[in-house]
Amino acid sequence: MALIPSRTKFRKSHRGSRAGNASRGTKVDFGEYGLQSLGRAWITSQQIEACRVAINRALKRKGKVWIRIFPHKPITKRPPETRMGKGKGAPEFWVAVVRPGLVLFEIGGATESVAKEAFRLASAKLGLRCRFLARDAH
Amino acid sequence: MSQRSTLQVAPRKRSGTGALKLLRREGLVPAVVYGKKFENINLKVKAKELRDLLARSTSANILVDLHIEGGGVQLALIQDVTHNALSGNLIHIDFHAIKEDEVIHARVPVRLVGESAGVKLGGLLEHQIHTLEISCLPKDLPEAIVYDISALNTGDFVHIRELPFPDGVHPKLAGDVIVIHIAPPRVSAEPVAAAEAGKAGKGKPAAKAAATKQAPKK
């Protein structure tokens, strides 16, 4: 099931800024391997779900997956063939704001080759460059 | 035990974002040394020396003899290393000034060796705590806590009290906290559903047959 917030303070939000690099969530904290973003994007809840399915299929139930991002931001869209004005459109979907350096997914309990393949399949579902990351001793 | 290295450092007067960016461009890394009853000193270290030091060690727990230019020698523990998340370049390093006879607190990685019997049978290795906070004297500081998981079967747990701590090393967490768990293999939902459907399929003709047998009696 796609991820959406259960309750929000406001229905609609401004576009905000995607500038700069991620300052938090840049390390592998839960599992042994991670998928780190190298670009910036709005990742939709559908994309996150597609990645989760791809990773779980590749792991064949031999690992644990952590999703490190959540789509907190509502995105509105105007209906087709409407004139300008008449206020902001209705909320259509939810996105997670991703900046370079953010760890998107983590895997634990699987071998490196399996984790690499799972992340290769998952990164194909995202519209941004990603790289494989292993837990660092330092 | 954790290795002990030496590092040449110099006091630093420059501070602030712009000045430190220039410092990094010169091949130096800004650092700071602090400690109990010890006045903070801003330092600069050669990036290459620091990289070599970190590359040589297998864990983050490194005891360093800081040769401070014009300030003598100070024993310190590397408390924190900040890297750039994208390039991996060193941004800053924190040294914690310590004394040989004083108990220190450090975070030590828990390293697993071997392949668990439970994992070979399809179980899932759940490594729940990757680093442990410990207290010990500097001379007793281990590089890592190594645990052999080859004897672990499905459903087995390893608690903190079961880890092989060297003498003089005490964990901060309680002994009954779980560090490793071999979870039983997750049974696929699809084959089970298919099997149930198969059973139901087999059952239906029998029920039908029973119904047909009963029908003529009526």
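Residues numbered from 1 in each chain as written. Chains lettered and ligands numbered in written order. Predicted model: local features only at pLDDT ≥ 70, side-chain atom pairs only at ≥ 80, totals over all residues. Heavy atoms only, no water.

Trainee: Give me the interface of chain A and chain B: which residues, what numbers.
Mentor: Across the boundary between the two partners, chain A contributes 20 residues, which contact 17 residues of chain B. For the pair chain A and chain B, the summed buried area comes to about 1500 Å², and 51% of that belongs to carbon and sulfur atoms. On inspection of chain A and its partner chain B, the count reaches zero salt bridges. Split by residue class, the side of chain A that touches chain B holds four nonpolar, 10 polar and six charged. (Contact = heavy atoms within 4.5 Å. Buried area = accessible area lost by both parts, 1.4 Å probe. Salt bridge = Lys/Arg side-chain N within 4 Å of Asp/Glu carboxyl O. Nonpolar A, V, L, I, M, F, W, Y, C, P; charged D, E, K, R; others polar.)

Trainee: Can you explain unusual backbone geometry? Please cite residues and give values.
Mentor: Residue and element names in this part refer to chain A. Its identity is not glycine, yet lysine 60 carries a phi of approximately 55°, on the positive side. As for its position among the elements, lysine 60 is in the loop between helix H1 (45–59) and strand E3 (64–67). You will see that glutamate 81, though not glycine, has its phi angle at about 60°, which is positive. Topologically, glutamate 81 is positioned in the loop between strand E4 (73–77) and strand E5 (90–98). On the basis of relative accessibility, which here comes to 86%, the residue glutamate 81 falls in the exposed class. (Helix = DSSP H or I, 4+ residues; strand = E, 2+ residues; numbered from the N terminus. Buried < 20%, exposed > 50% of the residue type's maximum accessible area, 1.4 Å probe, protein only.)

Trainee: Which residues make up the domain arrangement of chain B, and what values do they have?
Mentor: Residue and element names in this part refer to chain B. Each assigned domain of chain B is listed here: domain 1 (4–99) and domain 2 (105–183). Relative to domain 2, the C-alpha centre of domain 1 lies at a distance of 30 Å. On the side of domain 2, 10 residues touch domain 1, which itself brings seven residues to the contact. Interface of domain 1 and domain 2: buried area, both sides summed, is about 670 Å²; carbon and sulfur atoms make up 52% of it. Broken down residue by residue, the surface that domain 1 buries against domain 2 is led by Thr58, Ser59 and Asn61, which jointly contribute 60%. On inspection of domain 1 and its partner domain 2, the count reaches zero salt bridges. Counting every contact that joins domain 1 to domain 2 gives one residue pair in polar contact (both at pLDDT 80 or more). (Domains from an automatic or database assignment. Polar contact = N/O pair within 3.5 Å; in protein donor to acceptor, adjacent residues only side chain to side chain.)

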